Amino acid sequence: MRLGAGTFAACCVAIEVLGIAVFLRGFFPAPVRSSAGTEHGAEPPAPEPSAGASSNWTTLPPPLFGKVVIVLIDALRDDFVFGSKGVKFMPYTTYLVEKGASHSFVAEAKPPTVTMPRIKALMTGSLPGFVDVLRNLNSPALLEDSVIRQAKAAGKRIIFYGDETWVKLFPKHFVEYDGTTSFFVSDYTEVDNNVTRHLDKVLKRGDWDMLILHYLGLDHIGHISGPSSPLIGRKLSEMDSVLMKIHTSLLSKEREVALPSLLVLCGDHGMSETGSHGASSMEEVNTPLILISSAFERKPGDVRHPTRVQQTDVAATLAIALGLPIPKDSVGSLLFPVVEGKPMREQLRFLHLNTVQLSKLLQENVPSYEKDPGFEQFKMSERLHGNWIRLYLEEKQSEVLLNLGSKVLRQYLDALKTLSLSLSTQVAQYDMYSMMVGTVVVLEVLTLLLLSVPQALHRKAELEVPLSSPGFSLLFYLVILVLSAIHVIVCTSAESSCYFCGLSWLAAGGVMVLASALLCVIVSVLTNVLVGGKPRRKNPVHPSSRWSELDLLILLGTVGHVLSLGASSFVEEEHQTWYFLVNTLCLALSQETYRNYFLGDDSEPQCGLHVEQGLDGVATAWQGGPGCDVLERGKGHGSPPPSEVLHGSEKWMVLASPWLILACCRLLRSLNQTGVQWAHRPDLGHWLTRGITEARFVYVFVLGILFTGTKDLLKAQVVPADFRIKTVGLWEIHSGLVLLAALLFRPHNLPVLAFSLLIQTLMTKFIWRPLRHDAAEVTVMHYWFGQAFFYFQGNSNNIATVDISAGFVGLDTYVEIPAVFLTAFGTYAGPLLWASHLVHFLSSETHSSSALSHACFCYAMICSIPVSTYIVLVTSLRYHLFIWSVFSPKLLYEGMHLLITAAVCVFFTAMDQTRLTQS
């Protein structure tokens, strides 16, 4: 079967997207959960341990507090409360921390540090899977056991005001609620006023047991202007006054009730130095946690410093505080200072309930749980606890009883710490079968692309895909039979859940047929190469043609980038790799222009562009010698040396262009500090400091430009001879995308867009035309610059650098689909604009029918190499210390890059004018 190179590449990328999707589904499975689901109802609590005694406690302890108020301030960093800003802007909170009846902690939030997974961690005590970062956009109902579910089952009345994510996670759990949209980051005033306006009437009432307030304004200020904004101080002062109002109201009501109240101040995550969040920097994971209650007596001179705890510890603590069972999936430990004022027997009872819950979760998820140090400590603690109960029932007061109780207490605390750590390391079980299926498909596609290079880059840009070669059917069905047998064996013997095994036989069979077909095609191509002789060279007429220095740079740069992805530091600082590559490319181009214009190295004819002066300035036509295979030969033109094509100022402009581009890239490096190591340092963007109606006018213009460009492209397809219409249509589409990027970029990032257009112009007029680079080299250079400009924008492989404010330009409320599209376009504007320019450049500079096909194939291959290699590296490094903080975010970015590649290849294929011919 004969296919054009562009069509073949587009099909390969589509298959690769399927493979990476299966891989990601296996790599990001649901975290381990208790086998006792929530639908089975509450289990009876574990009885108090006993050693021959007849009297023990068999019911849950009564609640410690009558009312619980949770004030969650989104993106509240620990230094906003415990640092200088807290002293300056939150004096009441600072007083409570330093001298009031309170316990203060620094709660560590595990990545991903986005709102929805952190709410789940606070209420369930479990560690959400990394894939929850995607679900954050539209949170589904939470089916896991949680403090909210247990409180509702116990008949407690819960009121909520704030981020509507809670309402989505816990539908029908609140007796009263008012949700606000969390994604419209332009609003940092009304979003909090909508919460505070309910306080006066709710605090006067007594018909509730639990009040949850989620304030979003601080997070929105961070997204808009960062943590150094003067708006931060005003918002902290506002939150301090809210906390004072709630606390004084609770204290005034305590004389009327039997139990004290508990006020909890916490953050779901912090914010980075750029004001965003999502990953694992210290500023993003360290959040304050302050428990305030009159039950926490403090003696004069008692200085308490915040201690470090895990955010998952909140769920177990709240459950004990409310007299509820600890959520089944919780991996957290009770914050002991909350109960340290209680009698010893009650303290041991609370700790025993917590260790029993953790030990059950360990038994259900770790096959060799009996050998776990935490489980051994738990059993020892339980035995000592039973001995203490027996001694306690015999004699209430003695020094031996006190010493034994203290020993049991320490043993329980050690067991809790070890159990929690063991469960945290077992938080997710990799679905290895799904991962291997996805990896095999992706590697097969990459192998096929590499084997097809000689044919795809030939002059005709066509491939003979052997789908019906002799002997193909036998091998095909044999491979399907083997894969089916493996599928049955794995799915019937797997102890844990497997996504691929859960698919219907039709879907799973389709993937196996696809994998079998790819393998057979690869075998057929290899057989033709080995049996039929050497593959066709890129330049068959000139067998002496050798790789140029630029070709070697492209090869070594691609290999070097792929190898760098195996180190966490290189992934965190990947922008340095691309900066180095584009700078080296500029130096190589400078050397090439010097050699062509001063040394006259034009002994070998090349395929390229012949430049002539015309009425419109510079007119071009593709020029090739008899050995040209990438670009078709121009008609009626010779091939003068480059030094004879341009003269005077134009020649010197060509020589200066690589250095001018190098200077632009160096300036852009300083515009946005990105990565991890130097993200905190000031950059030029800090020195550069829109309305809804104006933005909407721009959207209308953009849509009009895109509509006009698309109309011209369709007209060019109907009238193929009208080359000018197609060129104008492509330019209009590119201009529309540039205008949209200009609207979405932050003001300080507009120089990135300006320099991008400048470099594209310089490269077009003074590099690609005079030096006559072929389509493959031009494509790789566009890809490299696109990747570099992704980082010039300030992006990184850290989710925290995603600028979600771009999704709300021109919107006065949150609309999911436009917001997601605008955010994605704003993030990947660099690669998209360079890909768009590539299509326009190749279409406008030549009538060659193979240029776009070669570009499509090269673009697909240059993107597939790092994606395919990276999933192999991630699989081998899946137990690496930084797998969730470094490698997993990069994997999501690679998946998104692959989707963009698929879109680009589809557009390339649509523009490809190659017509299949019979060989």
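Structure: above.
Definitions and limits used
- Residues numbered from 1 in each chain as written.
- Predicted model: local features only at pLDDT ≥ 70, side-chain atom pairs only at ≥ 80, totals over all residues.
- Heavy atoms only, no water.
- Helix = DSSP H or I, 4+ residues; strand = E, 2+ residues; numbered from the N terminus.
- Contact = heavy atoms within 4.5 Å.
- Disulfide = S-S within 2.5 Å.
- Buried < 20%, exposed > 50% of the residue type's maximum accessible area, 1.4 Å probe, protein only.
- Pairing = 2+ DSSP bridges.
- Axes fitted to C-alpha atoms, helices over the stretch in contact; angles between N-to-C directions.
- Salt bridge = Lys/Arg side-chain N within 4 Å of Asp/Glu carboxyl O.

### Some points on the environment of C491
And then number 1: With respect to the element layout, C491 can be found in helix α20 (residues 472-493).
And then number 2: Considering only alpha carbons, one finds C491 and G502, 11 residues apart in sequence, at a separation of 8.6 Å.
And then number 3: When neighbours within four sequence positions are excluded, C491 is seen to be in contact with Y433 and C501.

### Some thoughts on the state of the cysteines
And then number 1: All chains considered together, the criterion is met by 1 disulfide.
And then number 2: The disulfide partner of C491 is C501, and the gap between their sulfur atoms is 2.0 Å. Because the torsion about its S-S bond is -90°, the bridge between C491 and C501 counts as left-handed. One end of the pair, C491, is in helix α20; the other, C501, is in helix α21 (residues 499-502), with 10 residues separating them in the sequence.
And then number 3: You can call C491 partly exposed: its relative accessible area is 27%.

### What to know about the sheet that holds strand β5 (residues 176-180)
And then number 1: An order of β5-β4-β6-β2-β7-β8-β3-β9 is seen for the 8 strands of this open sheet, with the pairing classed as mixed. Because the sheet does not close on itself, it has two edges, and the strands there are β5 and β9 (307-310). For this sheet, the mean angle separating the axes of adjacent strands, direction not counted, is 15°.

### So, the pairing of strand β8 (residues 286-292)
And then number 1: Among the 7 residues that make up β8, 7 are buried, leaving the element largely enclosed by the rest of the structure.
And then number 2: Side chains N286, P288, I290 and I292 of β8 all project onto a buried face; the interleaved residues T287, L289 and L291 project onto the opposite face, where all are buried too.
And then number 3: The sheet contact formed by strand β3 (residues 102-108) and β8 spans 7 bridges and is antiparallel. Paired with E108 across the two strands is N286, which belongs to β8.
And then number 4: Here strand β7 (residues 261-266) pairs with β8 via 4 bridges, running antiparallel.

### Focus: the pattern of salt bridges
And then number 1: Within the structure shown, the criterion is met by 17 salt bridges.
And then number 2: Among the ionic pairs, E574 bridges to K890, the shortest N-O distance being 2.6 Å.
And then number 3: For E574, a relative accessible area of 2% translates into the label buried.
And then number 4: Accessibility expressed as a relative area gives 2% for K890, which makes it buried.
And then number 5: The structure contains a network of salt bridges with shared partners spanning R77, D79 and E273.

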